[in-house]
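One-letter residues, chain by chain:
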Amino acid sequence: MRMARTTVDVDEEALETARAELGTTGLSATINAALREVARRRVLAEFDVTRDLDGTPAEVEEGRRSG
Amino acid sequence: MSAAPEPVRLERPALFDTGVWTWARDRRFPGLARWFNEQVATGRVLICELVVLELVRLAANESRARELAARLAAFESVPMPEGLWRRARELQLALAPEGDHRRVKAADLLLSAAAESAAVPLVHYDRDYARIAAAGELDQRWFVPDGALA
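Residues numbered from 1 in each chain as written. Chains lettered and ligands numbered in written order. Predicted model: local features only at pLDDT ≥ 70, side-chain atom pairs only at ≥ 80, totals over all residues.

Draft legend 1. Highlighting the overall build of chain A. What chain A contains, in helices and strands, is four helices and zero strands. Reading the helices (α) and strands (β) of chain A from amino to carboxyl end gives α-α-α-α. Taking 11 Å as the expected radius of gyration for a compact globule of 67 residues, we find that chain A reaches 20 Å, considerably beyond that expectation. Overall size of chain A, expressed as C-alpha extent along the three principal axes, is 55 × 25 × 20 Å. Across the 67 residues that make up chain A, the buried fraction comes to 12%. (Helix = DSSP H or I, 4+ residues; strand = E, 2+ residues; numbered from the N terminus. Rg over C-alpha atoms; globule rule 2.2 N^0.38 Å. Buried ≥ 20, exposed ≤ 12 C-beta atoms within 10 Å, placed from the backbone.)

Here's what the structure looks like:
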């Protein structure tokens, strides 16, 4: 993971809300967790089961038979 | 052409059996994929390690497999701790009086135990989960009514 050291003005109220929500301690950990959460939600929002997945119910069954 | 089946109404996140992910791709009923994608976007689709392994197995080639694995990392996951094996064995023996221990597969038992221990519903399209639910505490929900998809 690449990390960049930077100086930013932080909305302290928003930071405290995010810290409580994410269960993080410390400024860097909270900011990074919040950024990752935004990225995670974006992946979920864009997920398309038809486009992103392959396979059929029969193939799932077949995998369990041999498993 | 039969009428489009009505998917289950979920009021909270649920573990989805691997089969449901592929049933949702049924080209006869595009509404199922739309419904599934909406559940994903709103965080209602939970995964676990076993489902990830089964889904990635379906990927057509290496790049599809890597892309899918990266996307699945964004999903919330229910844990599969060591204790699940014990619970899966208990469920298996609870199915034995009806002889169903011979038909219900190891993967079904482990997914049921994972959903049970995380106290989340399990969404499926497979009668075996109804059998498992009758033998334990599993909150099972049919993805669409039994028989709607063949």
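On we go from here.
Draft legend 2. Main features of the sheet that holds strand β4 (residues 140–142) of chain B. Residues and elements named next belong to chain B. The sheet built from four strands is open, its strands ordered β2-β1-β3-β4 with parallel pairing. A strand with exactly one partner marks an edge of an open sheet, and here the two such strands are β2 (45–46) and β4. Bridge count between strand β3 (residues 122–124) and β4: three bridges; the pairing is parallel. Following the sheet pairing, L122 is matched in β4 by Q140. (Pairing = 2+ DSSP bridges.)

Draft legend 3. Structural context of the interface of chain B and chain A. If you look at the interface, chain B gives 26 residues, while chain A gives 19 residues. For the side of chain B that touches chain A, a count of residues per class yields 15 nonpolar, five polar and six charged. (Contact = placed C-beta atoms within 7 Å. Nonpolar A, V, L, I, M, F, W, Y, C, P; charged D, E, K, R; others polar.)

Draft legend 4. Here's a closer look at helix α7 (residues 127–135) of chain B. All names here are of chain B. Every buried residue belonging to α7 is among Y129, R131, I132 and A135, and all of these are buried. The arc enclosing the buried residues of α7, seen along the axis, measures out at 155 degrees, which places them on a common side. Where the residues of α7 are buried, they touch α5 (83–95), α6 (106–118), β3 and β4. (Arc of directions from axis to C-beta.)

Draft legend 5. Layout of the nonpolar core. Residues and elements named next belong to chain B. Residues L15, V20, A114, L122 and I132 are the most contacted members of the largest nonpolar core, which totals 42 residues. Considering every element that reaches this core, the biggest residue donor is α6, with six residues. In this structure L122 touches A14, L15, D17, L111, S112, A115, Y129, L138, D139 and Q140, once residues within four positions along its chain are discounted. (Core = buried A, V, L, I, M, F, W, Y, C linked by C-beta atoms within 7 Å.)

Draft legend 6. Region of interest: the packing of helix α1 (residues 12–22) of chain A against helix α2 (residues 27–46) of chain A. Residues and elements named next belong to chain A. Interaxial distance between α1 and α2 falls to 10 Å at its minimum, and their mutual angle equals 75 degrees. Relative to α2, the element α1 is oriented roughly perpendicular. Across from L15, A18, R19 and L22 in α1, the residues of α2 making contact are T30, A33, A34 and E37. Residues that form the contact of α1 with α2 fall into these classes: five nonpolar, one polar and two charged. (Axes fitted to C-alpha atoms, helices over the stretch in contact; angles between N-to-C directions. Parallel < 35°, antiparallel > 145°, perpendicular 65-115°, else oblique.)

Draft legend 7. Expanded view of the confidence of the model for chain B. For chain B, the average pLDDT comes to 96, and 99% of its residues sit at 70 or higher. Interface predicted TM-score (ipTM) for the complex: 0.93; the corresponding pTM is 0.93. (pLDDT = per-residue confidence, 0-100.)

Draft legend 8. How the structure looks around unusual backbone geometry. One non-glycine residue, A119 of chain B, adopts positive backbone phi at about 55 degrees. By C-beta crowding, A119 of chain B is classed as exposed, having 10 other C-beta atoms within 10 Å.

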